[in-house]
Amino acid sequence: MNHPTKQQSNILFLFSDTGGGHRSATEAIIEALHLEYGDRYTTEMIDIFKDYAPPPLKMLPALYPRIVRAPRAWGLGYHLSDGPRRVSALSAGAWPYVRNAYRRLVKEHPSDLIVSVHSLANEPVLRALGKARPPFVTVVTDLVSTHASWYHRWVDLCIVPTEAARRRAIKYLLSPEQVRVVGLPVADRFCQPPGDTEALRNALGWPTDRPVVLLVGGGEGMGPLEKTARAISKANLPVVLVVIAGRNKNLKARLEAYDHWMPTFVYGFVREMPDFMRAADVLVTKAGPGTITEALNAGLPMILYSHLPGQESGNIPYVVSEGAGVWAPRTNRIVEALRNWLDNPGQYDMAVRACRKAARPDAARRIAHILVETLEKHKAEKELSALASM
Ligand code: UDP
């Protein structure tokens, strides 16, 4: 963080590297703030677990990939805890244990606006802040089946990506005035008009004479990614296969050792996802909200092969009903879906158009505007009340 000068206001973002989506959304909003307002506002990102929580919660980002490898147990936990009263009861139970850590967080990071980009940041940080606090805004990064912990009644504003997420906010006791449907923020480069694909592929070192299939399992290389890569490879389709193993180093090593039957490029965690998506023709992925939204913006039709029960369940009907992709939970169905798009360019083009129709390329910039309006309004009110009390 740059230290704010007297005129600058500071915006604190609360996120965590549990998966890759919270970081991507936070960075997209910060990028939009800089694009729209230059250096007028300083920003800080705090990982609510890694940077402040007491052990073992501190290890949650590191343990997350292992935890979600038991999807049934995860789904059960999600459903059992999904309700405002249950969230309150769980949070009240955890409060004595985390209170010192989060009180320290708010003391060490004085800010003019706090933005929560992680559902589990809301309750402890709002409690730690007390009544005399800066405005607190939540940006929900799940698309449809959003958990009750995203919706805290004390927030000034809750920004959601879809109408379905807005309905859940109201069901979970937020007032309509607290909720704004804007879209899920993604990096500006996903939202640029389609550029010169051939130049992008040349720069990446990929062949330009056949379609590119991009295979991604979120930030952690989740889902049956290896099995899927092998099945696509064995089908020997006339495509280039690009596989991203994310932070999963073992998976990357196994994929590299495999004798692929088609031109194949294997990567670990990449920072150039906007170029990868804009250079590819089809995305094969788990139903992660960040990846889906980036693909919609990049006009990249998708085949969804798995989902995390709970927060990602609603993403599949969402993508399918928009016409932007298909659900193919088994490897033979993935290969079938790929073959279908290769054989039917008309159907493929329709899916590209559906992606662009469902995209909200201005979401990050609109969120930046809303944050600044909220911050400036609060500042003006504070100045007025200071004048009135003189
Ligand atoms: N991602 C990335 N590089 C990688 C793999 C993933 O930047 O090598 C990003 C991806 O573009 C997306 C995020 O990580 O923004 C994954 O978010 P998503 O919500 O899809 O899934 P999660 O990892 O949070 O479960």
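Presented here is an overview of the structure given in this document. (Residues numbered from 1 in each chain as written. Predicted model: local features only at pLDDT ≥ 70, side-chain atom pairs only at ≥ 80, totals over all residues. Heavy atoms only, no water.)

In this section: the nonpolar core. Taken as a class, soluble globular proteins show a tendency for nonpolar side chains to be buried jointly. By size, the foremost hydrophobic cluster in this structure holds 38 residues, and its most contacted members are Leu 214, Phe 276, Met 277, Leu 296 and Met 302. Looking at this core, the elements with two or more residues in it are strand S7 (212-216), strand S8 (240-244), helix H11 (273-279), helix H12 (289-298), strand S11 (302-306), helix H13 (315-322) and helix H15 (345-358). Those residues in contact with Met 302, other than ones at most four positions away along the chain, are Leu 283, Ile 292, Ala 295, Leu 296, Val 319, Ala 324, Gly 325, Val 326 and Trp 341. Listed in part, the 32 residues of the second largest apolar core include Leu 12, Leu 129, Ala 148 and Tyr 151. (Core = buried A, V, L, I, M, F, W, Y, C linked by side-chain atoms within 4.5 Å. Buried < 20%, exposed > 50% of the residue type's maximum accessible area, 1.4 Å probe, protein only. Helix = DSSP H or I, 4+ residues; strand = E, 2+ residues; numbered from the N terminus. Contact = heavy atoms within 4.5 Å.)

This part takes up the sheet that holds strand S4 (residues 136-139). Strand order in the open sheet formed by six strands is S2-S1-S3-S4-S5-S6, and the pairing between neighbours is parallel. What marks the edges here is a single partner per strand, and that holds for strand S2 (41-47) and strand S6 (179-181). Pairs of neighbouring strands in the sheet enclose a mean axial angle of 20°, with direction left out of account. Summarising the sheet, strand S1 (residues 9-15) and strand S3 (residues 113-116) pair through four bridges and their orientation is parallel. From the neighbouring strand, Ile 11 faces S3, where its bridge partner is Leu 113. Of the strands in this sheet, S1, S2 and S4 are in contact with helix H1 (residues 21-37), which crosses S2 at around 175°. (Pairing = 2+ DSSP bridges. Axes fitted to C-alpha atoms, helices over the stretch in contact; angles between N-to-C directions.)

On to unusual backbone geometry. Note that the residue after Pro 55, namely Pro 56, is joined by a cis bond; omega there is 5°. Mapped onto the elements, Pro 56 comes out in the loop between helix H2 (48-52) and helix H3 (60-67). Not every positive phi belongs to a glycine, and Leu 173 is a case in point at roughly 80°. Here Leu 173 shows up in the loop between helix H7 (163-171) and S6. Despite not being glycine, Asn 236 has its phi angle at roughly 50°, a positive value.

Turning our attention to the environment of Tyr 78. Summarising the element assignment, Tyr 78 is placed in helix H4 (residues 71-81). The class of Tyr 78 is buried, set by a relative accessible area of 7%. Separated by 94 residues in sequence, Tyr 78 and Tyr 172 place their C-alpha atoms 15 Å apart. If we ignore the near neighbours within four places in the chain, the residues touching Tyr 78 are Ser 145, Thr 146, His 147, Arg 168, Gly 310 and Gln 311.

For the second largest pocket, the calculated volume is near 400 Å³. Lining of the second largest pocket is provided by 19 residues; of these, Val 68, Arg 69, Met 222, Gly 223 and Pro 224 occupy positions nearest its centre. Only helix H9 (225-235) and helix H10 (249-257) provide two or more residues apiece to the lining of the second largest pocket. A per-class count over the lining of the second largest pocket returns eight nonpolar, five polar and six charged. (1 Å grid on protein atoms, 1.4 Å probe; cavity = no way out; pocket = protein on both sides within 12 Å on 5 of 7 lines; lining within 4 Å. Points joined across faces, edges and corners; volume = space filled by probe spheres on them. Nonpolar A, V, L, I, M, F, W, Y, C, P; charged D, E, K, R; others polar.)

It is worth stressing that arrangement in space is one thing and function is another; only the former is reported here.
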